[in-house]
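Letter by letter, the chains look like this.
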Amino acid sequence: VTGVQTCALPISVRDTTGRTYASADVALGDLQLSAVVLAVAQAVAAGATGLEAVAVSGVHPTREDLAGVAAIGGVGVPVLVIGTDGAVAETLAS
């Protein structure tokens, strides 16, 4: 597909059954999809009914990302922001 760009900053989402979904930001012209939104969508499509945690590497999740996490996981799902050294730099919540 011409014009597809993906970000090298991956994220992962773990559902309450222990399954993990990974994604990266995608840009298709005017269509911009965040890695968090894509991974949450994968979890929903697989039948997940809750989320255990989200790990975001190198970027800060947006309000829309956190709202997407809360939509399936509820309020309080940990969102771990991973620094360039591989350690947890910050813990947010949906």
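To keep things clear, this report deals only with the structure shown in the data block. For clarity, every value in this text was computed on a predicted model and none was experimentally measured. (Residues numbered from 1 in each chain as written. Predicted model: local features only at pLDDT ≥ 70, side-chain atom pairs only at ≥ 80, totals over all residues. Heavy atoms only, no water.)

Description of the pairing of strand S8 (residues 88-93)
Reasoning step 1: Sheet topology places strand S7 (residues 78-82) next to S8; five bridges connect them, and they run antiparallel. Paired with Pro78 across the bridge in S8 is Ala93.
Reasoning step 2: In textbook terms, the turn of a hairpin is the stretch between consecutive antiparallel strands, and for S7 and S8 this stretch comprises five residues, one of which, Gly86, has a positive phi near 85°. (Pairing = 2+ DSSP bridges. Helix = DSSP H or I, 4+ residues; strand = E, 2+ residues; numbered from the N terminus.)

With respect to helix H1 (residues 35-45)
Reasoning step 1: Every buried residue belonging to H1 is among Ala35, Val36, Ala39, Val40 and Ala43, and all of these are buried. Looking straight down H1, one finds that the buried residues subtend no more than 130° of arc, so they occupy a single side.
Reasoning step 2: Close packing links the buried residues of H1 with strand S2 (11-15), strand S3 (20-23), strand S5 (31-33), strand S6 (51-57) and helix H2 (63-73). (Buried < 20%, exposed > 50% of the residue type's maximum accessible area, 1.4 Å probe, protein only. Arc of directions from axis to C-beta. Contact = heavy atoms within 4.5 Å.)

Focus on H2
Reasoning step 1: Within the sequence span of H2, burial applies to Asp65, Val69 and Ile72. Projected onto a plane normal to the axis of H2, the buried residues spread over an arc of 75° and lie on a single side. Structural note: H2 exposes Arg63, Glu64 and Ala71 on the side pointing more than 90 degrees away from its buried face.
Reasoning step 2: Those residues of H2 that are buried lie in contact with H1 and S6.
Reasoning step 3: Count one or two residues on from H2 and you reach Gly74, which has phi positive near 80°.

Here we look at the side chain of Asp15
Reasoning step 1: Locating Asp15 in the fold gives a position in strand S2.
Reasoning step 2: When its relative accessible area of 0% is taken as the criterion, Asp15 is described as buried.
Reasoning step 3: Side-chain polar atoms of Asp15 contact the backbone nitrogen of Gly18, separated by 3.1 Å. (Polar contact = N/O pair within 3.5 Å; in protein donor to acceptor, adjacent residues only side chain to side chain.)

Let's talk about the nonpolar core
Reasoning step 1: Judged by nonpolar contacts, the single largest core of 18 residues is most densely connected at Ile11, Val13, Val40, Leu51 and Val69.
Reasoning step 2: Secondary structure elements with two or more residues in this core: S2, H1, S6, H2 and S7.
Reasoning step 3: Per element, the largest residue contribution to this core is five residues, and it comes from H1.
Reasoning step 4: Leu51 has contacts with Val13, Arg14, Asp15, Thr16, Val40, Ala43, Val69, Ile72, Gly73 and Val77, leaving out every residue within four places of it along the chain. (Core = buried A, V, L, I, M, F, W, Y, C linked by side-chain atoms within 4.5 Å.)

Considerations on the pairing of S2
Reasoning step 1: Side-chain alternation along S2 places Ile11, Val13 and Asp15 on a buried face and Ser12 and Arg14 on a face that remains uncovered.
Reasoning step 2: As paired strands, S2 and S3 are joined by four bridges and run antiparallel to one another. Across the sheet, Val13 pairs through a bridge with Tyr21, a residue of S3.
Reasoning step 3: Linking two consecutive strands that pair antiparallel, namely S2 and S3, is a turn of four residues; a positive phi of about 95° is found at Gly18 within it.
Reasoning step 4: Here five bridges tie S2 to S6, and the two strands are oriented antiparallel to one another. What sits directly across from Asp15, in S6, is Leu51.

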